[in-house]
Amino acid sequence: MPIIRLESSDKEIFDTDQETAKCSETIKTALEDLGDESDNSVLPLPNVNSLILKKVLHWATYHKDDAELAEEDENKEKRTDDISSWDADFLKVDQGTLFELILAANYLNIQGLLDVTCKTVANMIKGGKSPQEIRDTFGITNDFSPSEEEQVRKENEWCEDK
Amino acid sequence: MDNRHKESRKIASRAASEGEGHSTKKDIKDRTGPTMDTCNHKVDSENHNCDMSSPPSSSPLCYASLNVLPDEILEFIFTYLPPYGDLEHCSIVCKRWHGIVKNLVRRSKFNLEKGLTDFRLRWEVFSPQTAAAASTSPVAFIAGRFAHSAVRQRNSMYVFGGGSTSDTTFNDLWRFDLTHMRWARPVATGTYPSPKGSASMVAWKDQLVLFGGWRYPSLHPPYQPWCLFDELHYYDLGKNRWLLRNTMPCPPPMAGHSATVHGDRMVVFGGYQITDDVNINSNDTWVLDLPEQRWWQPLFVGNTRPSARYGQIQIELGKNHLLVVGGCGGANRVYTDAWLLDMTRDVWSWKTLTVRNKRFGAVHMWCNPGCKVNNYLVVVGPSPNMPQDFQMMKQSRVPVVGGRGPPPPNPHQNMPQRGQRILMPERRLAGGLGGGLGQNRVNRIGAGGGAGGALAPQEQYLANRRAILNQHMQQAQQFMHNNNVNNNNNNSYQPRSGRLSDLHAPPAPAAAAAAPSPPSPPVRPPSLAAADGDVDAAQRLQRNLALRCRDNEPRLPKRFDEMYEDPFRMAAFNVPTRSRSASRDHNERIRRMEEKMNAIRNSRRSAPAAAQVEPQPLRAPSPKRLRCNVQSLFVCDISGILSSSEPALDWVEYKNFGVLRGAPDRLILSSLIAGNGELILFGGVHKETLTDITHHVSNSIHFLSFPRDII
């Protein structure tokens, strides 16, 4: 398999095979654009630093043989905790890295990684946490004034504009 | 630099396409907070990637925070949250999140409607297995039921009562917390309602209002008629207290009626009732003033009214309008019409509505649930290309009759041979448990007797079908008689009026009333049955039974799901309550059915018989077949009803017969309520098992929603 060279934002080169790299739709498209020159050229990825790129490639290498997402799943169950244990381990990182991974997955257009990282974040949010707990988890500041907050609490967007 | 611009543009264009509601909070100021705090978000922001411009006060090794993620990613994350409590909390976290959640809600609502018209939705199931897998400790889970009442209040679904797997009814109240996706049973105090099914339950302010219902008769003393209730209960959700209200005047005891809330009134229509000791369907309307707990009946303009019915779908269309669709008016009278009740003036009026595209409409809207989603009425029901084999349910909607009826009309059945008790043909009072039981026992043992051959799944399936066929044939016989009896308005089927105080009263009064009236018909052997051709049928039945007992039938599992399309299309076959004119048709069908049965029997005999057979899960046939026995979705556009002068219902043309991915099994008497951007289906019974001793009921919840978009 031809080797693809990827360059992170901090100018580090990563070599990986095409199969793995093609997990990323972005890279796949870029390769197609490059055509014959793909063998020797280096593909710059200025939005991904080396740390993250390394992890992304790690994930992609593990998952490159995944079957296509089985959309034809009969009797799909309604749950969000169906993250594989490998992925769960892989994502045992600090929040910063997690968000970076999300951004990288978004930029590189890797649906599987995006799904699993977003699911992980969703799992951090859900579970009946109060808004303050959510804010504490993610370090977000509350920019509502108390009256505004009251107002918003009473709103029920699902029932509006019937 | 190219790529970065591309990326920004990509994100910007996506952000732009978010449309309205996208909040551009350029004015959010950084407050003092944890160091890794927010970068301001701008629409065309270039600081999406934390690699570049570091936020004002942080260290060079930038620590990305959640707010760094672009809006659509946050929205994508939020789609993984159940759209209930968690989403509400997210909405309050900060202004930006509020905007995103608002957008998400709008998009979900839009997607659901779009999915309904395009039939692009998917089902997901929440079964006991799902719950068990999702939690480490054992979870409480509701028992399966059908004909229960379900209503949604804020972020929970409340389920009350219903029929169980074994001919009893529940009176428990369960709450399904949609945020946490788990069942809980509130510890309720106060005066519990009687166990019942098909009661109407509505949510009003912080209370649930429960009215009416039926229950199976008590087993002792035997042969009692089933009960209808006129109990009115309020359940206070805050205090977890049931309150019984007895008010006069009061509607007659009823079940299968429909109710909706309009402002401070609950409007109840139709139902199966007893009035003056006669059981009839009704098309009366009763209104309950909810705060004052007082019933009254409205005056109507003119004489047009929907025909009497039960099991209809009633939808609230605003404070002064309601829509009634479908319903069942008795044997062979399943309605698919629609009526609008106008309550604006002091005197109310019914208006009949044109129904267009009926070929895409649901049929059997009396045992299948429906609910409203904005401008659409959604009904979940059997797939349209399935045989319309619902005749049997007419009487057994109030199910005693469905298998609990009087003893089989043929006293010569070879039950003694199997050590069955001989049933007294004379005792024809409804609720004859003995009759039902004995009959079923006959069927089951007949089906399970002897060691069968090592049947291929296909053959076993055929054997099962035959067993069901036979059961149904017997039911058919029985019901022909019942119907004749009923036609004479005999009291052998009188349901007792179910006043609470009467429940434990000695049955003497009712029995006394009924006793003189069980007329000669009960003792009459089938050959003298009123409908001609019954003789033929009876004899054929007898012969079939005799034949059947000689077979080596494999042991049947007690309950089997009907996952397949019946190749013999037992269409007409299920227990009909037939009027006399239809009985000839009926016999035709019996004859045809019998020929088919013979054909199977012959083909079976030629198959090798060998050793033991273990009851195999009946899942043999191809996946294509499998999918036919599932629920379909039917969607009806009701937007034009209030606005135009010629109001009409338009059924939306379905795709793939309304069968969507992951569709649940075909069940009847489930409940359907509208969730947030999704529909929630719960409970129900496999109708074919209603005549068994144990019915196959479901306790899974099925969610119907729009598949998650790939971003």
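What counts, and at which threshold
Residues numbered from 1 in each chain as written. Chains lettered and ligands numbered in written order. Predicted model: local features only at pLDDT ≥ 70, side-chain atom pairs only at ≥ 80, totals over all residues. Heavy atoms only, no water. UniProt positions renumbered as here; feature names shortened; annotations may be inferred. Helix = DSSP H or I, 4+ residues; strand = E, 2+ residues; numbered from the N terminus. Buried < 20%, exposed > 50% of the residue type's maximum accessible area, 1.4 Å probe, protein only. Areas by Shrake-Rupley, 256 points an atom, 1.4 Å probe, with all protein chains shown as cover. Salt bridge = Lys/Arg side-chain N within 4 Å of Asp/Glu carboxyl O. Expected span 1.5 Å × (residues − 1). Pairing = 2+ DSSP bridges. Axes fitted to C-alpha atoms, helices over the stretch in contact; angles between N-to-C directions. Parallel < 35°, antiparallel > 145°, perpendicular 65-115°, else oblique. Contact = heavy atoms within 4.5 Å. Nonpolar A, V, L, I, M, F, W, Y, C, P; charged D, E, K, R; others polar. Core = buried A, V, L, I, M, F, W, Y, C linked by side-chain atoms within 4.5 Å. Phe/Tyr/Trp six-rings, centres within 6.5 Å; stacked < 30°, edge-to-face > 60°. Lys NZ or Arg CZ within 6 Å of the ring centre and 35° of its normal.

As named in an unreviewed UniProt entry, chain B is F-box only protein 42 isoform X1, taken from Drosophila pseudoobscura pseudoobscura.

For chain A, an unreviewed UniProt entry supplies the name S-phase kinase-associated protein 1 and the organism Drosophila pseudoobscura pseudoobscura. Annotation of chain A in UniProt includes, under Sequence similarities (unreviewed entry), the sentence "Belongs to the SKP1 family."

Colleague: Now, about the overall build of chain A: what can you tell me, with residues and values included?
Modeller: Regarding its fold elements, chain A presents eight helices and four strands. Every one of the 162 residues in chain A was classed for burial, and the buried ones make up 43%. Carbon together with sulfur atoms contributes 48% to the accessible area of chain A, which is approximately 8,300 Å² in total.

Colleague: Tell me about the pattern of salt bridges, residues and numbers included.
Modeller: Throughout the structure, instances matching the rule amount to 17 salt bridges over all chains. Across the pair Glu688 of chain B and Lys687 of chain B runs a salt bridge whose closest N-O atoms are separated by 3.1 Å.

Colleague: How would you explain helix H6 (residues 111-125) of chain A if you had to name every residue and give the values?
Modeller: The first and last C-alpha atoms of H6 of chain A sit 21 Å apart over 15 residues, in line with the 21 Å expected at 1.5 Å per residue. Of all the residues in H6 of chain A, the buried ones are Gln111, Leu113, Leu114, Asp115, Val116, Thr117, Cys118, Lys119, Thr120, Val121, Ala122 and Ile125 of chain A.

Colleague: Residues and numbers for the sheet that holds strand S6 (residues 189-190) of chain B, please.
Modeller: Residue and element names in this part refer to chain B. If you walk across this open sheet you meet the five strands as S6-S12-S11-S8-S7, and the pairing is mixed. Looking at strand neighbours, the two that pair on one side only are S6 and strand S7 (200-204), the edges of this open sheet. For S6 and strand S12 (residues 241-245), the ladder comprises two bridges, and the chain directions are parallel. Bridge pairing in S12 links Gly190 to Trp242.

Colleague: Go over the packing of helix H3 (residues 85-93) of chain B against helix H4 (residues 95-118) of chain B with me, naming the residues and quoting the values.
Modeller: The geometry of a pair of packed helices is captured by two quantities: the angle between their axes and the separation between those axes. Residue and element names in this part refer to chain B. Between H3 and H4, whose axes approach to 6 Å, the crossing angle comes to 140°. Our classification of the angle between H3 and H4 gives oblique. Along the contact surface, H3 presents Leu87, Cys90, Ser91 and Val93, while H4 presents Trp97, His98, Val101, Leu104 and Val105. Per-class residue counts for the contact of H3 with H4 are seven nonpolar, two polar and no charged.

Colleague: Run through the packing of H6 of chain A against helix H7 (residues 131-138) of chain A, naming residues and quoting values.
Modeller: Residue and element names in this part refer to chain A. Close contact between H6 and H7 brings their axes to 10 Å; oriented N to C, the two are set at 130°. With respect to their mutual orientation, H6 and H7 come out oblique. In contact with Val121, Met124 and Ile125 of H6, H7 contributes Ile134, Thr137 and Phe138. A breakdown of the residues in the contact of H6 with H7 according to their chemical character gives five nonpolar, one polar and no charged.

Colleague: So what's going on with the environment of Ser349 of chain B? Residues and values would help.
Modeller: Residue and element names in this part refer to chain B. Summarising the element assignment, Ser349 is placed in strand S24 (residues 347-356). Overall, Ser349 belongs to the partly exposed group, its relative accessible area being 22%. Linking Ser349 and Asn303, residues 46 residues apart in sequence, is a C-alpha distance of 8.9 Å. Discounting residues that sit within four places of it in the chain, Ser349 has contacts with Phe300, Val301, Leu340, Leu341 and Asp342.

Colleague: Can you explain the nonpolar core? Please cite residues and give values.
Modeller: If you look at the biggest cluster of nonpolar residues, it comprises 57 residues, and the most contacted ones within it are Ile125 of chain A together with Ile77, Phe78 and Trp97 of chain B. Counting residues per element, this core draws most heavily on helix H5 (residues 95-108) of chain A, which supplies nine residues. The contact partners of Phe78 of chain B, leaving out residues within four places of it in the chain, are Ile125 of chain A together with Leu87, Cys90, Trp97, Ile100, Val101 and Leu104 of chain B. Counting residues in hydrophobic clusters, the runner-up holds 43 residues, among them Leu323, Tyr654, Leu672 and Leu681 of chain B.

Colleague: I'd love a proper account of the packing of aromatic side chains, names of residues and values included.
Modeller: Residues and elements named next belong to chain B. Going through the model one piece at a time under the given rule, you end up with 27 aromatic pairs over all chains. Ring centres of Phe160 and Trp242 lie 5.5 Å apart, and the angle between their planes is 65°; this geometry places the pair in the edge-to-face category. Highlighted residues: Phe160 in strand S3 (residues 156-163) and Trp242 in strand S12, separated in sequence by 82 residues. Each ring, one from Tyr654 and one from Phe657, has its centre 5.9 Å from the other, and the planes form 40°; the classification is tilted. The class of Tyr654 is buried, set by a relative accessible area of 15%. Linked through ring pairs, Phe126, Phe141, Trp174, Phe176, Trp183 and Phe682 together constitute an aromatic cluster. Sitting above the plane of the Phe170 ring, Arg145 keeps its charged end 4.0 Å from the centroid.

Colleague: Describe unusual backbone geometry, naming the residues involved and giving the relevant values.
Modeller: Residues and elements named next belong to chain B. Cis peptide bonds are those with omega within 30 degrees of zero, and the linkage from Met248 to Pro249 qualifies with -5°. By secondary structure assignment, the location of Pro249 is in the loop between S12 and strand S13 (254-255). With a phi close to 55°, Ala147 is a non-glycine residue in the positive phi region. Turning to its location among the elements, Ala147 is positioned in the loop between helix H5 (128-134) and strand S2 (149-153). The class for Ala147 is buried, based on a relative accessible area of 6%. In the Ramachandran plot, Asn656 falls in the positive-phi region, its phi being about 55° despite a non-glycine side chain. On the secondary structure map, Asn656 appears in the loop between strand S29 (648-651) and strand S30 (671-674).

Colleague: Residue-level account of the pairing of S24 of chain B, with values.
Modeller: Residue and element names in this part refer to chain B. In this sheet, S24 lies alongside strand S20 (residues 299-300) in parallel orientation, the contact comprising two bridges. The partner of Leu299 across the bridge, within S24, is Val347. Here strand S23 (residues 338-342) runs beside S24; their pairing, made up of five bridges, is antiparallel. In the strand pairing of S24, Leu341 is matched with Trp350. Pairing of S24 with S29 involves three bridges; the strand directions are parallel. Bridge pairing in S29 links Arg356 to Asp650.

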